[in-house]
There are 4 protein chains.
Amino acid sequence: MAPAWGGIYCHQAAHINDSECGAPEFFSGGAKLMPLQGANGKIAARDLDAALAAVPPGRVHHVKPAAVSITQATEAGTLYTLAEVKAIAEVCRKRGVRLHMDGARFANAVARLNCSPAEATWQAGVEALSFGATKNGALTAEAVVLFADDLARDFAFRRKRSGHLFSKMRLLSAQMAAYVKDDLWLRNGRQANAMAARMAEGLAAIEGVSLTQPVEANILFPRLTPAIIKGLKKDGFGFYERGGQGVVRLVMAYDTRPADVDAFLASARRHAKG
Amino acid sequence: MAPAWGGIYCHQAAHINDSECGAPEFFSGGAKLMPLQGANGKIAARDLDAALAAVPPGRVHHVKPAAVSITQATEAGTLYTLAEVKAIAEVCRKRGVRLHMDGARFANAVARLNCSPAEATWQAGVEALSFGATKNGALTAEAVVLFADDLARDFAFRRKRSGHLFSKMRLLSAQMAAYVKDDLWLRNGRQANAMAARMAEGLAAIEGVSLTQPVEANILFPRLTPAIIKGLKKDGFGFYERGGQGVVRLVMAYDTRPADVDAFLASARRHAKG
Amino acid sequence: MAPAWGGIYCHQAAHINDSECGAPEFFSGGAKLMPLQGANGKIAARDLDAALAAVPPGRVHHVKPAAVSITQATEAGTLYTLAEVKAIAEVCRKRGVRLHMDGARFANAVARLNCSPAEATWQAGVEALSFGATKNGALTAEAVVLFADDLARDFAFRRKRSGHLFSKMRLLSAQMAAYVKDDLWLRNGRQANAMAARMAEGLAAIEGVSLTQPVEANILFPRLTPAIIKGLKKDGFGFYERGGQGVVRLVMAYDTRPADVDAFLASARRHAKG
Amino acid sequence: MAPAWGGIYCHQAAHINDSECGAPEFFSGGAKLMPLQGANGKIAARDLDAALAAVPPGRVHHVKPAAVSITQATEAGTLYTLAEVKAIAEVCRKRGVRLHMDGARFANAVARLNCSPAEATWQAGVEALSFGATKNGALTAEAVVLFADDLARDFAFRRKRSGHLFSKMRLLSAQMAAYVKDDLWLRNGRQANAMAARMAEGLAAIEGVSLTQPVEANILFPRLTPAIIKGLKKDGFGFYERGGQGVVRLVMAYDTRPADVDAFLASARRHAKG
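Remember, predicted model here, so these are calculated numbers, not experimental data.

Draft legend 1. Seen up close, the overall build of chain A. Each helix and strand in chain A was counted, giving 12 helices and 11 strands. Counting only C-alpha atoms, chain A reaches 65 × 45 × 30 Å along its principal axes. By residue count, 51% of the 274 residues in chain A fall in the buried class. Across chain A, the fraction of contacts at a sequence separation of at least 24, relative to all contacts at a separation of at least 6, is 70%. Charge-centre separation for chain A: the mean point of 34 positive side chains lies 3 Å from the mean point of 25 negative side chains.

Draft legend 2. Structural context of the relation of the copies chain A and chain B. For the pair chain A and chain B, the relating rotation is 180°, the translation along its axis is 0.0 Å, and the fit reaches an RMSD of 0.1 Å. Such a combination of rotation and displacement between the chain copies is what one expects of a two-fold axis. Among all residues of chain A, the one whose C-alpha sits closest to the rotation axis is Ser162 of chain A, at a distance of 3.5 Å. Most of the interface of chain A is mirrored in chain B, where 100% of its interface residues are also at the interface.

Draft legend 3. Looking closely at the interface of chain A and chain B. Counting residues at the interface gives 23 residues for chain A and 23 residues for chain B. Between chain A and chain B, the buried area comes to about 2,100 Å², and carbon and sulfur atoms account for 63% of it. If you look at where chain A meets chain B, you find 0 salt bridges. At the junction of chain A with chain B, the criterion picks out 9 residue pairs in polar contact (both at pLDDT 80 or more). Those elements that place two or more of their residues in the side of chain A that touches chain B are helix H2 (23-28) and helix H8 (155-161) of chain A. Of the residues contributing to the side of chain A that touches chain B, the split by class is 10 nonpolar, 9 polar and 4 charged.

Draft legend 4. Highlighting the sheet that holds strand S11 (residues 248-251) of chain B. Residues and elements named next belong to chain B. Judged by pairing direction, the sheet is antiparallel, and its 3 strands sit side by side in the order S8-S11-S10 without closing on themselves. Either end of the sheet is taken by a strand with one partner, and the two such strands are strand S8 (219-220) and strand S10 (240-241). By the bridge criterion, 2 bridges tie S8 to S11 in an arrangement that is antiparallel. Within S11, the position partnered with Leu220 by the bridge is Leu250.

Draft legend 5. Molecular detail of the environment of Ala128 of chain B. Residue and element names in this part refer to chain B. Tracing the sequence through the fold places Ala128 in strand S5 (residues 128-132). Accessibility expressed as a relative area gives 3% for Ala128, which makes it buried. Once the C-alpha coordinates of Ala128 and Ala174 are considered, the two residues, 46 residues apart in sequence, prove to be 22 Å apart. If we ignore the near neighbours within four places in the chain, the residues touching Ala128 are Met1, Leu99, His100, Met101, Val145, Leu146, Phe147 and Leu151.

Draft legend 6. Spatial organisation of the sheet that holds strand S8 (residues 219-220) of chain D. Read across the open sheet, the 3 strands follow the order S8-S11-S10 (chain D); overall the sheet is antiparallel. Of all strands in the sheet, those bounded by a partner on one side alone are S8 and strand S10 (240-241) of chain D.

Draft legend 7. Quick look at the packing of helix H11 (residues 226-234) of chain C against helix H12 (residues 258-273) of chain C. All names here are of chain C. The geometry of H11 relative to H12 is characterised by a closest axis approach of 8 Å and an angle of 130° between their N-to-C directions. Compared by their axis directions, H11 and H12 come out oblique. Viewed along their axes, H11 and H12 form a crossing whose handedness is right-handed. Of the residues in H12, those in contact with Ala227, Ile228, Gly231 and Leu232 of H11 are Phe264, Ser267, Ala268, His271 and Ala272. Looking at the contact of H11 with H12 residue by residue, the class counts come to 6 nonpolar, 3 polar and no charged.

Draft legend 8. Molecular detail of the domain arrangement of chain A. Residues and elements named next belong to chain A. For chain A, the assigned domains are domain 1 (6-165) and domain 2 (191-272). Of note, the centres of domain 1 and domain 2, computed from C-alpha atoms alone, are 29 Å apart. With 15 residues of domain 1 in contact, the opposing surface of domain 2 contributes 13 residues. The largest share of the area that domain 1 buries against domain 2 comes from Gly77, Arg105 and Asn108, three residues that together contribute 38% of it. On the surface where domain 1 and domain 2 come into contact, there are 6 residue pairs in polar contact (both at pLDDT 80 or more).

Draft legend 9. Layout of the layout of surface pockets. Residues and elements named next belong to chain C. Quantified by volume, the second largest pocket comes out at close to 270 Å³. What lines the second largest pocket is a set of 14 residues, and nearest its centre among them are Gly238, Leu250, Val251, Met252 and Phe264. When contributions to the lining of the second largest pocket are tallied by element, the ones reaching two or more residues are strand S11 (248-251) and H12.

Draft legend 10. Expanded view of the interface of chain D and chain B. With 15 residues of chain D at the contact, the number on the chain B side is 16 residues. The contact between chain D and chain B buries some 1,300 Å² in all, and 47% of this surface belongs to carbon and sulfur atoms. Where chain D packs against chain B, one counts 0 salt bridges. The interface formed by chain D and chain B holds 2 residue pairs in polar contact (both at pLDDT 80 or more) in total. Elements with a contribution of two residues or more to the side of chain D that touches chain B: helix H1 (15-18) and strand S2 (32-36) of chain D.

Draft legend 11. Summary view of the packing of helix H5 (residues 106-113) of chain D against helix H10 (residues 184-204) of chain D. Residue and element names in this part refer to chain D. At a minimum axis distance of 8 Å, the contact between H5 and H10 shows a crossing angle of 80°. One way to sum up the angle between H5 and H10 is to call them roughly perpendicular. Between H5 and H10, the residues in contact are Phe106, Ala107, Asn108, Val110, Ala111 and Arg112 and Trp185, Leu186, Gly189, Arg190, Ala192 and Asn193, respectively. Residue composition of the contact of H5 with H10, grouped by class: 7 nonpolar, 3 polar and 2 charged.

Draft legend 12. Focus on the pairing of strand S3 (residues 64-71) of chain D. All names here are of chain D. Here S3 lies mainly inside the structure; 7 of its 8 residues are buried. Sheet analysis places strand S1 (residues 6-11) next to S3, joined by 5 bridges and oriented parallel. The residue of S3 that forms the bridge with Cys10 is Ser69. In this structure, S3 lies alongside strand S4 (residues 98-103), joined through 5 bridges in parallel fashion. Note that in S4 the partner of Ser69 across the bridge is His100. Following the backbone out of S3, through helix H4 (residues 82-95) and into the adjacent parallel S4, one traces a crossover that is right-handed.

Draft legend 13. Spatial organisation of the packing of aromatic side chains. Residues and elements named next belong to chain D. For the coordinates displayed, the defined rule picks out 28 aromatic pairs over all chains. Measuring from centroid to centroid gives 5.7 Å for Phe131 and Tyr179, while their planes differ by 55°, and the two rings are tilted. Separated by 48 residues along the polypeptide, Phe131 in strand S5 (residues 128-132) and Tyr179 in helix H9 (residues 170-180) bring together distant segments of the chain. For the pair Phe131 and Tyr179, a shared accessibility class is recorded, and that class is buried.

Draft legend 14. Just H12 of chain C, in detail. Residue and element names in this part refer to chain C. The terminal C-alpha atoms of H12, which comprises 16 residues, lie 23 Å apart, in line with the 22 Å expected from a rise of 1.5 Å per residue. Within the sequence span of H12, burial applies to Val261, Phe264, Leu265, Ser267, Ala268 and His271. Projection of H12 onto a plane perpendicular to its axis shows the buried side chains occupying an angular sector of 160°, all on one side. For H12, the exposed residues lying more than 90 degrees away from the buried face are Ala259 and Lys273. Of the surrounding secondary structure, the elements contacted by the buried residues of H12 are helix H10 (184-204), H11 and S11.

Draft legend 15. Structural view of the pattern of salt bridges. Residue and element names in this part refer to chain A. Applying the stated rule across the entire model yields 44 salt bridges over all chains. A salt bridge links Lys42 to Glu84; its shortest N-O distance comes to 3.0 Å. Of this pair, Lys42 sits in the loop between strand S2 (32-36) and helix H3 (45-53) while Glu84 sits in helix H4 (residues 82-95), and the two are 42 residues apart along the sequence. In this structure, a network of salt bridges that share partners links the residues Asp49, Lys94 and Arg95.

Draft legend 16. Highlighting unusual backbone geometry. Between Gln72 of chain B and the following residue, Ala73 of chain B, the backbone shows a cis peptide bond with an omega angle of -10°. Take Ala73 of chain B: it is sitting in the loop between strand S3 (64-71) and helix H4 (82-95). We note that Asn40 of chain A has phi near 55°; this positive angle belongs to a residue other than glycine. Checked against the element boundaries, Asn40 of chain A lands in the loop between S2 and H3. Phi is positive for Asp182 of chain B, which is not a glycine, with a value near 50°. The topology assignment puts Asp182 of chain B in the loop between helix H9 (170-180) and helix H10 (184-204). On the basis of relative accessible area, Asp182 of chain B is assigned to the exposed category, the value being 58%.

Cut-offs applied
Residues numbered from 1 in each chain as written. Chains lettered and ligands numbered in written order. Predicted model: local features only at pLDDT ≥ 70, side-chain atom pairs only at ≥ 80, totals over all residues. Heavy atoms only, no water. Helix = DSSP H or I, 4+ residues; strand = E, 2+ residues; numbered from the N terminus. Buried < 20%, exposed > 50% of the residue type's maximum accessible area, 1.4 Å probe, protein only. Contact = heavy atoms within 4.5 Å. Lys, Arg positive; Asp, Glu negative; His and termini not counted. Charge placed at Lys NZ, Arg CZ, Asp CG, Glu CD. Least-squares fit on C-alpha atoms with pLDDT ≥ 70 in both. Buried area = accessible area lost by both parts, 1.4 Å probe. Salt bridge = Lys/Arg side-chain N within 4 Å of Asp/Glu carboxyl O. Polar contact = N/O pair within 3.5 Å; in protein donor to acceptor, adjacent residues only side chain to side chain. Nonpolar A, V, L, I, M, F, W, Y, C, P; charged D, E, K, R; others polar. Pairing = 2+ DSSP bridges. Axes fitted to C-alpha atoms, helices over the stretch in contact; angles between N-to-C directions. Parallel < 35°, antiparallel > 145°, perpendicular 65-115°, else oblique. Left-handed = near helix turned anticlockwise from the far one by under 90°. Domains from an automatic or database assignment. 1 Å grid on protein atoms, 1.4 Å probe; cavity = no way out; pocket = protein on both sides within 12 Å on 5 of 7 lines; lining within 4 Å. Points joined across faces, edges and corners; volume = space filled by probe spheres on them. Right-handed = clockwise from strand over helix to strand, strands pointing away. Phe/Tyr/Trp six-rings, centres within 6.5 Å; stacked < 30°, edge-to-face > 60°. Expected span 1.5 Å × (residues − 1). Arc of directions from axis to C-beta.

Encoded structure:
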């Protein structure tokens, strides 16, 4: 979507900026990621417009704005509303850049937005979707869905030459076929979302615990007390501590059960009282 | 193994030159493949030495010779003997280039050479091995084995940034663990080789059929008559026709059974008489 | 200096980050620039150390820290002292990254630091220098000076393949020979610096004018009143307005004469009174 | 003109294939050069068509044919006629690939073809021209002329990011302005061509000397006797020996004078008799 001399705008915390070891730069031949700030892990259309407007057309000293990438659901566990996506798409159209959606947790987003996948993507102006499956039940399968003909044209060559056309590809394709059949992907997404909601409700009721972000998908960032963190670890629970001030990252999976959540909550409650 | 300004020497028919859509150029950042001729799909050490000697050191108008890649077993279904590998490695050492072995069919080669994997690789001077498994029984798993510390140093970064560090990687690793346990990989390779020998013997006995290459692994390139080709297809067999003069490509798999081979031979025999 | 999966640390305002259209990404094959904040256009050794320390060794989700680039004199018209360069070099050594100095205005820096070029570079720990000449009197000539053998080894190949080994290169080399002969480059740098000092002194004496940065080389960023800016333009002077709050960018050249400076000052003074 | 997964077809002896240290691979991000054979340094339209026809559309195992590059005048000192260029352009159109002309010696070609530059390029179907000047009198200046809007669109960004937008670019542009004014470039080209014709005529009359190629521009490849080669060197003449069988490469410059040619011929004649 971006030429090698292009700029790709994304949120500062976007996985493509922070956690891919320069993969976007590699596949584009050296494009530059242009990180933007924004509350709750989201880019605001207004901020994007201002950033793009600040680059004079044809000014070759800067990289040429080429693409925008938004993550749905975001790395912060929040969602772009359809209106927010459309507003960003409108800025992209006006400024002549392409819009990509990183959908590693697309199932969780669609399940919660309660819309069709089409409404969530091309009908809102998204031109390319990374359609994640591995985080939501597949073994190791992901797909790229392209809604613009010109992006699709040479895609098979790009896949081949980067070593992503696998021998026995059918074993991966079969996973995707099962994943989308009978809405399995949405059922998995809903289950994870429901467990996140159950966890959020349970945590909020514990003294000393607060949620640092809206819980809209399957990720939570609660702030726990040192005693709770220590106690949960002693009870065998594992999680990342983010930021060093008691904030931890909890992710509910497609196969997380109510009993799993409840056991975690019981442990947290017990150590909160200690 | 090669910088972006390097030259990678390989056989004209090498898979990396012919069938990867420029993947080596992509991963190296633009290195240039330098194809060499050679009988039976193999590079001769003498020819390699002459090609490398023809490039004056420090002559910047040419790419800098950086690496040599040999395929074991070759695309022609033949094998490099250990002495041949060592002779090529000796040229590489003398000329200051690295030696890579494309081992998509490494199991078939080791099974036939009747040596240890160590003897077939680093003890013969190979510095990096592409260790194939998918063609020999795995679902979709391949490994890279590096015998030189400097090549290994940043390899994990390269894997990540090219999208080859998969989520749930354990599902791929498990395949490799099973593949090498109790010599499963060698048993699979031996089975495919044995079926190729059975097929070669059977075909050689049919009037009008000849073998165009030594059969040393699990691939055959027999020349068949038009009647046999037509008849086999009518009986439901499928294969690539290579070169347009009756030469077809037959590959025996790890799970090919004697009965499979015999059915093919019976069909060929029947149509040879017609 | 950086592999394609490397991170290059530099100041947010560095020319390589802001004004080269992704050239560093291009030449490295996709390395990622990691911008740092810092007062007066300079990176502080302490901040650099903290940034590098925050990347766990071997963590492949991030790019691997590979190089640091400092600009001497900086884009802000300031200088790193030799002690500051040494402190940064010490961090680089400790953290295993290389140190590059962007010396587009190296002559102005050395002239002001009043040291030898060796003291300003390799003796302070710099491993590669972009030695600018075009901004200081040459027609179109720049040089790269490498102080580390391994960086120099394949450099000629890199130059050739990027189209920077020119036919009739001697016409460029002759410029560099004249540039360094009899310290012409330093005399040119001193002249520009002296004019900047004259300009700074003159501006500081005008009511309503302030300097926003220390003037240590040949660039000034004074804040002028709207009336002065308007008047200077009317009198035929041209300059970039940076930041929209009356701050303009003035650069003194190797051939700027005292009379040129005085004419500018006289105009500014006249319009300040109006 | 070619994506990173594209194939660029050119003559085996083309400068871009043989003498640029992988620059085309670098600037394209890893495209693959596909060398073709052909008499007198030229690609035949028929051979090109056959090569392109051999690549099944959409077959991702090969690079995708993307561009053709022809050198005018060729590295062999010969010319494509306008009809030959048109025939190649027709194949390109039919097969959906772009046509580039490497015109390092474009002046010599146009001078000899006795046509307008437009007839030699876009009117014959050429979409991009490397317009050489350095070999024909300029100091160090070359230009790229693009005849297709889509190729031109982002060209300024590509130039900048590869370090070819020079500071003080006007000093290069001034050369090009003078070069094309009053047909200076064509007069220079005609002079060099005339000297090549004079040299060819003189050499052909010497016993034991033969021309190995048609002399159509300003390069000759005569086969000399060992005595003549030895004698010329003794008399102070320098040249490349190509192929080791008495063939040498002689290039006439824009400022070569008849007396220069005659001195060379006299020396050759003298040593031929010895």
